[in-house]
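# Descriptive analysis of the structure
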Amino acid sequence: MTNEGHPDIDEMGLRDSMLAYQSGRADGFELLYASLAPLLRRYLLSLARDGVRAEDLVQETFLQIHRSRRSYSAAHPVLPWVLAIARHVFLMDRRSRERRGRREVSPGRAVGEPAARAETDRVLEREAVAHALAQLPPERRETVVLHHVEGLGFREIAVRLGISEAAAKMRSSRGIAGIRALLTGRRKRGKADGS
Amino acid sequence: MEADDGRENVPQRLRETIEHDLRPVRPLAGPFRRAALFIPVAAVFLVGVPWVFGLRPDVPLMGPAVSWGLSGLQVLAGIFVLGLALKESVPGNALSPRVLIASAVAAIALVVVVTEVTFAVSPTIAPPPLRAPFLRFCAGFSTLVGTPLVLLAGFLAARALPLRPWVAGGLYGLAAGLIADAGWRLFCEVSSPGHVLVAHGAGVGSLALIGMLGAVVTERVRWGRRDRRE
């Protein structure tokens, strides 16, 4: 469930797929799914911090996309529309879970793929970053993911989160500063333990 | 789950659900174009309220600009706010806090200016013993007659996917309130700012609240169905 091996997001291609999907063509939906599923999975994983739940949320996001597909306008980019739906799916799911009192936090299946987590330092480093990311307050985490992982501009993020561009920048920079501080602390602890 | 070309395949269950309902859909028109569809409804409302309840007797003194003109302006403002609500209802088009605050302030300012101008041209006040009943009557009935407008606007918004239902609902409730008050002021002959801002303002505020609550309930019902499916 990493970014590796997936093509970069091509906004024009997404728009064409979306238009084909709106006109009732199954291949439009399939192309859309192939382009967006990995990205949505990463995004929802960053929010949910649970691989299984993120997978469920990806499927639910596509169902919501299907139900509200008429609300997409070709005059606008597809990605903010899709990510806004995904974020809403996550928030509603979280509220449902809280209401049902089903809090499921299972660190064992938290961030990353089990196979990739196994050996190398690179993967450990990635895990450390993911762990630090998970410790950020949700609004900072989300902004960092949207900007540094999904590559959205601050203006796009601001529009989608309903905040000012300056606030988006501030959240992102504070988020990065937080990650840096957490990683530095972790390294220092590691050295102290080793010595 | 990858195809031969490395692309990720659609899971079987999701594919079946999508294919079961894969009919062509016509994309929604732009929010302000859809809001413009509301103009005939608002026009009927504008004429209908004074027709049903009676036209205020001081219309000749007010003149067409202050009576029908200012009500028309208020309707246009309502249509604009409705356009904002419909824009907010499309995912990825969330309005910034600045726009939201500006729309609320502009709507309040418009009602205040219309009230002051009307009072300056035709100052009428309610007799003291009738002030409280008039307040209750205007607040209650302007809310009542505006409620169908909220429902209709809510239907338009729900055709998209309002992700912040309290914001979208508050906006289309405010729009319905402005339109309802535009018609109501052509019936209510009391123009004193105290009466208009309290009683008619309460009507506008109640409709905004109804919109907000209605949108939140609609959203909860929509997601409740999903929960039951699970």
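Parameters and conventions
- Residues numbered from 1 in each chain as written.
- Chains lettered and ligands numbered in written order.
- Predicted model: local features only at pLDDT ≥ 70, side-chain atom pairs only at ≥ 80, totals over all residues.
- Heavy atoms only, no water.
- Helix = DSSP H or I, 4+ residues; strand = E, 2+ residues; numbered from the N terminus.
- Buried < 20%, exposed > 50% of the residue type's maximum accessible area, 1.4 Å probe, protein only.
- Contact = heavy atoms within 4.5 Å.
- Areas by Shrake-Rupley, 256 points an atom, 1.4 Å probe, with all protein chains shown as cover.
- Buried area = accessible area lost by both parts, 1.4 Å probe.
- Salt bridge = Lys/Arg side-chain N within 4 Å of Asp/Glu carboxyl O.
- Polar contact = N/O pair within 3.5 Å; in protein donor to acceptor, adjacent residues only side chain to side chain.
- Nonpolar A, V, L, I, M, F, W, Y, C, P; charged D, E, K, R; others polar.
- pLDDT = per-residue confidence, 0-100.
- Axes fitted to C-alpha atoms, helices over the stretch in contact; angles between N-to-C directions.
- Parallel < 35°, antiparallel > 145°, perpendicular 65-115°, else oblique.
- Left-handed = near helix turned anticlockwise from the far one by under 90°.
- Expected span 1.5 Å × (residues − 1).
- Bend = angle between axes of the 7 residues up to and from the residue.
- Patch = residues over 30% accessible without salt bridge, like charges linked within 9 Å, V, L, I, M, F, W, Y side chains within 5 Å.
- Phe/Tyr/Trp six-rings, centres within 6.5 Å; stacked < 30°, edge-to-face > 60°.

## Looking at the overall build of chain A
In terms of regular secondary structure, chain A is built from 9 helices and 0 strands. Along the chain direction, N to C, the helices and strands of chain A fall in the order α-α-α-α-α-α-α-α-α. Looking at chain A as a whole, 44% of its 195 residues are labelled buried. For chain A, contacts bridging at least 24 residues in sequence account for 64% of all contacts bridging at least 6. With the model as given, the accessible surface of chain A reaches about 9600 Å², and the carbon-plus-sulfur share is 54%.

## Re the interface of chain B and chain A
Each side of the interface is counted separately: chain B has 37 residues, and chain A has 44 residues. Carbon and sulfur atoms supply 57% of the area buried between chain B and chain A, which totals about 3700 Å² over both sides. Notably, a salt bridge pairs Glu30 of chain A with Arg15 of chain B, separated by 2.5 Å at the nearest N-O pair. The interface formed by chain B and chain A contains 8 residue pairs in polar contact (both at pLDDT 80 or more). The set of elements that each furnish at least two residues to the side of chain B that touches chain A consists of α1 (12–20) and α8 (193–229) of chain B. Take the side of chain B that touches chain A: its biggest share by element is 6 residues, from α8 of chain B. A breakdown of the residues in the side of chain B that touches chain A according to their chemical character gives 19 nonpolar, 4 polar and 14 charged.

## Looking at the confidence of the model for chain B
Here chain B averages 90 in pLDDT, and 94% of its residues register 70 or above. Reported for the predicted complex are a pTM of 0.74 and an ipTM of 0.77.

## What to know about the packing of helix α3 (residues 38–53) of chain B against helix α6 (residues 131–158) of chain B
All names here are of chain B. Where α3 contacts α6, the axes come no closer than 12 Å and their chain directions differ by 165°. Judged by the angle between their axes, α3 and α6 are roughly antiparallel. In this structure, α3 meets α6 at a crossing whose hand is right-handed. Counted together, Phe38, Val41, Phe45 and Phe53 of α3 and Phe141, Val145, Gly146, Leu149, Leu152, Ala153 and Leu156 of α6 form the full contact between these two elements.

## Description of α6 of chain B
All names here are of chain B. Between its first and last C-alpha, α6 extends 39 Å over 28 residues, near the 40 Å set by a 1.5 Å rise per residue. Remark: the principal bend of α6, roughly 35°, maps to Gly146, with a proline, Pro148, within the next four residues. Listed in full, the buried residues belonging to α6 are Cys138, Ala139, Ser142, Thr143, Val145, Gly146, Leu149, Val150, Ala153, Gly154, Leu156 and Ala157.

## Considering a nonpolar patch on the surface
Residue and element names in this part refer to chain B. A cluster of nonpolar residues, Val47, Trp51, Val52, Leu55 and Trp68, forms a patch on the protein surface that exposes about 570 Å² of accessible area. For the nonpolar patch, the element with the most residues is α3, which contributes 3 residues. Along the chain, Val52 falls in helix α3.

## Overview of the packing of helix α1 (residues 11–22) of chain A against helix α4 (residues 78–100) of chain A
All names here are of chain A. The geometry of α1 relative to α4 is characterised by a closest axis approach of 9 Å and an angle of 70° between their N-to-C directions. One finds that α1 runs roughly perpendicular with respect to α4. Contact residues: α1 offers Glu11, Leu14, Arg15 and Met18, while α4 offers Val78, Leu79 and Trp81. Of the residues contributing to the contact of α1 with α4, the split by class is 5 nonpolar, no polar and 2 charged.

## Considering the side chain of Asp58 of chain B
All names here are of chain B. Its place among the elements puts Asp58 in the loop between α3 and α4 (59–88). Of the polar contacts made by the side chain of Asp58, one reaches the side chain of Ser122; its length is 2.6 Å. With residues near it in sequence (within four places) discarded, Asp58 still touches Ser122, Thr124 and Glu189.

## Things to note about the packing of aromatic side chains
Inspection of the entire model under this criterion finds 14 aromatic pairs over all chains. Here a set of aromatic residues connected by ring pairs shows up, and it is made of Phe53, Phe137, Phe141, Trp184 and Phe187 of chain B.

## With respect to the pattern of salt bridges
Applying the stated criterion to the full structure yields 11 salt bridges over all chains. Here Arg53 of chain A makes a salt bridge to Asp93 of chain A, at a shortest N to O gap of 2.9 Å. One end of the pair, Arg53 of chain A, is in helix α3 (residues 51–67); the other, Asp93 of chain A, is in helix α4, and 40 residues separate them in sequence. By the burial criterion, Arg53 of chain A is buried, and Asp93 of chain A matches it. Among the ionic pairs, Arg97 of chain A bridges to Asp93 of chain A, the shortest N-O distance being 2.8 Å. A residue pair is termed a helical-turn pair when its members lie 3 or 4 positions apart in one helix, as Arg97 of chain A and Asp93 of chain A do in helix α4 at 4 residues. Accessibility assignment for this pair places Arg97 of chain A and Asp93 of chain A in one class, buried. Residues participating in the shared-partner salt-bridge network are Glu30 of chain A together with Arg15 and Glu19 of chain B.

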